[in-house]
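# Fold and geometry: a report
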Amino acid sequence: MTKKKLPLFLFLVFFIQGFSQTLSLKEAVETGIANYGTIKAKSYYADASKETVKQVRRDYLPNLNLAAQQDYGTVNGQNGPLYGFGGLGVASSGLPLAEQNWNAAFGALYLVNVNWDFFTFGRTRQRINLAKADAQRFEKDLDQEKFQQKIKISAAYLNLLASQRLLISQEKNLSRAIVFHRIAAARVKNGLLAGVDSTLAAAEVSRAKIQLNQSKDQVKDLNNKLVALMGTDIKDFVLDSSFVKQVPKSILGFETANDTLNPILQFYKSRIDYSKQQTKLFKREYLPTFSFFGVYQTRASGFNSDYASDQNSYNQNYFDGVNPNRQNYLLGVGVSWNLTTIARSSKKVSAQKLISEGLQEEYKVIDQQLKTQSDAADAKIKYAMENYAEAPKQVQAAQQAYLQKTTLYKNGLTNLVDVTQTLYTLNRAEIDRDIIYNNVWQSLLMKAAATGDFDLFINEF
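The sections below set out a description of the structure shown in this document. Everything quoted here is computed from the prediction, not taken from an experiment.

### Details of the pattern of salt bridges
Going through the model one piece at a time under the given rule, you end up with 18 salt bridges. A salt bridge links aspartate 221 to lysine 225; its shortest N-O distance comes to 3.7 Å. Of this pair, aspartate 221 and lysine 225 both sit in helix H5 (residues 195-230), four residues apart, roughly one helical turn. The closest approach of N and O atoms between aspartate 367 and lysine 371, which form a salt bridge, is 3.4 Å. Here the residue aspartate 367 and the residue lysine 371 both occupy positions in helix H8 (residues 340-410), the gap between them amounting to four residues, near one helical turn. Taking relative accessible area as the criterion, lysine 371 reaches 49% and is therefore assigned partly exposed. Several salt bridges converge on common partners, so that one network encompasses Lys42, Asp141 and Glu145.

And the structure:
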């Protein structure tokens, strides 16, 4: 490729990219948050936990049971004890006659039953508090998952952008190697240089092609990682690179973030709060339960009131047997207290306290990691800014050296080794520049991740 064709080639590349749909970093983050499966799952879990809070609130409502039964059978009775083991006893009632008879008629029972644990020494309220803490835990888990996904997408975006910039540098390097090979081949053909120069120049072209293919492979790999994080169909992204050479406005104006601002710490704290609420509920189990109950029932029977003296006084008509003619009601207040629950619940309380201590230690570990990460981000920002100032100087010096050596080579005043060395230097300088520019934004992202303030990073776009 000649020098005249090179600018035209680069123009066509940028022209095509200009008409391709450019993916901005904000669009990548929003798409990933909307599509990523784990976030969708945790969103459902959070909604389910909110419904559980409503369900626990309704558990305080009294039990209201309606029942009706219609039967046909005998009513023989017998003096003696009976225990309805396993619910298998038959509730037939009648006279203990001298002998068995098979008189049968219809009967019915209709009832309304109310049972309400109206005072439980705070157990009901504590169950509600526990459900709220559980809902808060799921909500914080969703928040921290979204936060971490934003960081991952942003990091993947910057990594892909860096690899695309490196690809451009490798394309330039290949173009320079091709031009240099043509110059060397022409001079060898004219007898001005030894044939080995053309061979070495050809080897340099092959090396540049290999490096270019390696860069393409890296771009594809990082592109697919971004695709996975965004939850979209596989495609090659064209990224917005307009911000790369700029310095973030907030790079030097950080504020110390409060722990409560960090979604990751909030999630770990919500786990501790849930465990503490669980402990409180277990303690409430020590205490008794006061209940209100009431029953209203009406009965029907095909056996008449004088059946005791006349065993023929019954009616096998269905409607007469199920038509109610006797009513009863019952109201009462009771208390139940299983004293052995105290011994059992005490161990549940002590176990839950130990779990809370363990969760507290996990919180401390994450807190320390984030503080360490924040300190490392500060150092990374400092060094990135220093390198940012030096990168253009390195590229400019390398370009001048390469121009000088190629000019001297054309005039036979230097050898191939010197030119090749400057080619290496220029390629390395361009790669360093692309990495350094990207590192400035990577360091800001690292600071945002450590402080839990993603706006610190995303508001730059």
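### Topic: the environment of glutamine 352
By the element assignment, glutamine 352 lies in helix H8. The class for glutamine 352 is buried, based on a relative accessible area of 11%. Placed 75 residues apart in sequence, glutamine 352 and glutamine 277 show a C-alpha to C-alpha distance of 9.7 Å.

### Section: the sheet that holds strand S3 (residues 104-119)
Within a sheet, each strand pairs with its neighbour through backbone hydrogen bonds, oriented either parallel or antiparallel. With antiparallel pairing, the four strands of this open sheet are ordered in space as S2-S3-S5-S6. Across the chains shown, the open sheet's two edge strands, defined by having one partner strand only, are strand S2 (63-74) and strand S6 (326-336). Mean inter-strand twist for the sheet, computed between neighbouring axes without regard to direction, equals 15 degrees.

### Overview of helix H3 (residues 37-58)
End to end, H3 covers 32 Å across 22 residues, agreeing with the expected 32 Å (1.5 Å per residue, within 8%). Buried within H3 are the following residues: Ile39, Lys42, Ala46, Ser49, Val53 and Val56. Across the axial projection of H3, the buried residues extend over an arc of 95 degrees, all falling on one side. Facing away from the buried side of H3 by over 90 degrees, the exposed positions are Tyr44 and Arg58. Each element contacted by the buried residues of H3 is listed here: helix H2 (25-35) and helix H4 (123-189).

### Quick look at unusual backbone geometry
Unusually for a residue other than glycine, phenylalanine 121 sits at a positive phi of about 55 degrees. Looking at where phenylalanine 121 falls in the secondary structure, it is placed in the loop between S3 and H4.

Definitions and cut-offs
Residues numbered from 1 in each chain as written. Predicted model: local features only at pLDDT ≥ 70, side-chain atom pairs only at ≥ 80, totals over all residues. Heavy atoms only, no water. Salt bridge = Lys/Arg side-chain N within 4 Å of Asp/Glu carboxyl O. Helix = DSSP H or I, 4+ residues; strand = E, 2+ residues; numbered from the N terminus. Buried < 20%, exposed > 50% of the residue type's maximum accessible area, 1.4 Å probe, protein only. Pairing = 2+ DSSP bridges. Axes fitted to C-alpha atoms, helices over the stretch in contact; angles between N-to-C directions. Expected span 1.5 Å × (residues − 1). Arc of directions from axis to C-beta. Contact = heavy atoms within 4.5 Å.

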